[in-house]
Amino acid sequence: MSTTEIHVEDTGRGERRPGGGYQSPEGELAKKGKFELYSWLFMRVSGLLLIFMALYHLVWWNLMIGVEHLSAEVVLARWNNPLWRLFNIGLASFALLHGLNGARYSVEDYVRNPKTRHIVKMVLYTVVGLTLAWGVFALLTFDFTRGLRS
Amino acid sequence: MATEYRARSFSQGLRYKGNAGMWTWLLHRVTGLGILLFLIIHVADTALVVYRPDWYDHALDLYRSPLFRVAELGIFFAVMFHAFNGLRIIIQDFWPIAMLHQRRLAHVAIGMTAVLMLPVAWMMLAPLFGLADEPGTERARQRQLNGGVPVEASAAPAPVAPVSLEGAR
């Protein structure tokens, strides 16, 4: 490939505009473009929710409970309340999906080779997907009759 | 002539004079990727609490090492900066007039993170140097008196401090 040749890549965001940004996609690209619109909206909505949920989570476990005093017993006692398990399912889902989409933006920006990009994305989706499944599975299969002594 | 605006090297990228806008953009990406990496580890080890509580307690020992205590502060900073800068991005997206003040808003996001980090850094690092109690020490003592049950999880009032503790000395 000569150095003057510009590699045009399909980012799924439609045509590049000369002034920057992307032309709104038409026809075949419209479907892909819709996905980008919804992912943009998801980042805003989940981000807004995460500001409250993640900061509450950090303040509670780091500044109210304290890492030195943390133990399986303390976590299990908390998870005895189904509402806190629901909160954790929501927090883990929003955070991991928000992070997955954010990482996808970075991969699309910096991994230039289409084949490499595809592989990196698949590894990313697999790792985050398995983590989310593992976390949510643990929260759902939790036996809430144990942990409390009363 | 083919025009290539893309910076060709890392140092060339850093020399781009984007000021607060550029640095917050970069920090937003870096903190975001850092949080995701931590999150994967954190979700995986916390899930252990259901299946192997003893392994979970073992993992916690690692989190209590001084190196991890400093790293936890780094995570706190990353989440807080990402939250405030993200809020700035949302405000600018949905309220276009805010774009005119984007540089000032970036400074506000950095400032709010810095101001809130001061007490947090004190609370999380002072116990390492013996300058203050670990956060939640009083709560942990109450929990111990309550038979291991967190005070907020039980309706029964915490028992009064046993007199035998004083007599043992």
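Residues numbered from 1 in each chain as written. Chains lettered and ligands numbered in written order. Predicted model: local features only at pLDDT ≥ 70, side-chain atom pairs only at ≥ 80, totals over all residues. Heavy atoms only, no water.

Q: Explain the interface of chain A and chain B to me, and be specific about the residues and the numbers.
A: Facing the 54 residues of chain A at the interface are 51 residues of chain B. Across the chain A-chain B interface, the total number found is 3 salt bridges. Arg69 of chain B serves as the salt-bridge partner of Glu68 of chain A, at 3.0 Å between the closest nitrogen and oxygen. Here chain A is connected to chain B by 15 residue pairs in polar contact (both at pLDDT 80 or more). (Contact = heavy atoms within 4.5 Å. Salt bridge = Lys/Arg side-chain N within 4 Å of Asp/Glu carboxyl O. Polar contact = N/O pair within 3.5 Å; in protein donor to acceptor, adjacent residues only side chain to side chain.)

Q: Mind laying out a nonpolar patch on the surface, listing which residues take part and the relevant values?
A: Taken together, Leu37, Tyr38, Leu41, Val45 and Leu49 of chain A together with Phe94 of chain B make up a surface patch of nonpolar side chains, about 570 Å² in accessible area. If you tally residues by element for the nonpolar patch, the top one is helix α1 (residues 28-65) of chain A, at 5 residues. (Patch = residues over 30% accessible without salt bridge, like charges linked within 9 Å, V, L, I, M, F, W, Y side chains within 5 Å. Areas by Shrake-Rupley, 256 points an atom, 1.4 Å probe, with all protein chains shown as cover. Helix = DSSP H or I, 4+ residues; strand = E, 2+ residues; numbered from the N terminus.)

Q: Describe the UniProt feature "transmembrane region" (unreviewed entry) in chain B, listing the residues and the values that go with them.
A: Residue and element names in this part refer to chain B. The UniProt record annotates "transmembrane region" (unreviewed entry) at residues 20-43, 63-84 and 105-125. Secondary structure across residues 20-43 comprises 100% helix and 0% strand; the distance between its end C-alpha atoms is 33 Å. Within the segment residues 105-125, helix and strand shares are 100% and 0% respectively, and the terminal C-alpha atoms sit 29 Å apart. (UniProt positions renumbered as here; feature names shortened; annotations may be inferred.)

Q: Hey, could you go over the confidence of the model for chain B for me, with residue numbers and the actual values?
A: Residues and elements named next belong to chain B. On average, chain B scores 85 in pLDDT, and the residues at 70 or more come to 85%. Contacts for the low-pLDDT stretch residues 155-159, under 50 throughout, to residues beyond four places or in other chains number 5 contacts. What the predictor reports for the complex is a pTM of 0.80 with an ipTM of 0.81. (pLDDT = per-residue confidence, 0-100.)

Q: Please give an account of the pattern of salt bridges that cites residues and values.
A: Two side chains that carry opposite charge are able to pair once their charged atoms sit near each other. Considering all chains together, one arrives at 11 salt bridges over all chains under this definition. Between Glu108 of chain A and Arg104 of chain A there is a salt bridge; the shortest N-O distance is 3.2 Å. Here Glu108 of chain A and its partner Arg104 of chain A are both found in helix α3 (residues 82-110), 4 residues apart, which amounts to about one turn of the helix. Glu108 of chain A sits in the buried class, given a relative accessible area of 6%. Arg52 of chain B is the salt-bridge partner of Asp54 of chain B, the closest N and O atoms lying 3.1 Å from each other. Note on Asp54 of chain B: relative accessible area 44%, which makes it partly exposed. (Buried < 20%, exposed > 50% of the residue type's maximum accessible area, 1.4 Å probe, protein only.)

Q: Break down the packing of aromatic side chains for me, citing the residues and quoting the values.
A: Residues and elements named next belong to chain A. Scanning the entire structure with this criterion turns up 10 aromatic pairs over all chains. Ring centres 5.3 Å apart and planes at 75° place the aromatic pair Trp84 and Phe87 in the edge-to-face group. Of this pair, Trp84 and Phe87 both sit in helix α3, 3 residues apart, which is roughly one turn of the helix. Given a relative accessible area of 25%, Trp84 falls into the partly exposed group. One cation-aromatic arrangement involves Arg78 over Trp84; the distance from NZ or CZ to the ring centre is 3.8 Å. (Phe/Tyr/Trp six-rings, centres within 6.5 Å; stacked < 30°, edge-to-face > 60°. Lys NZ or Arg CZ within 6 Å of the ring centre and 35° of its normal.)

Q: Describe the environment of Ile51 of chain A, with residues and values.
A: Assignment of secondary structure puts Ile51 of chain A in helix α1. Under the relative-accessibility criterion, Ile51 of chain A is labelled buried at 14%. Contacts of Ile51 of chain A, omitting those with residues within four sequence positions, involve Ala83 and Leu87 of chain B.

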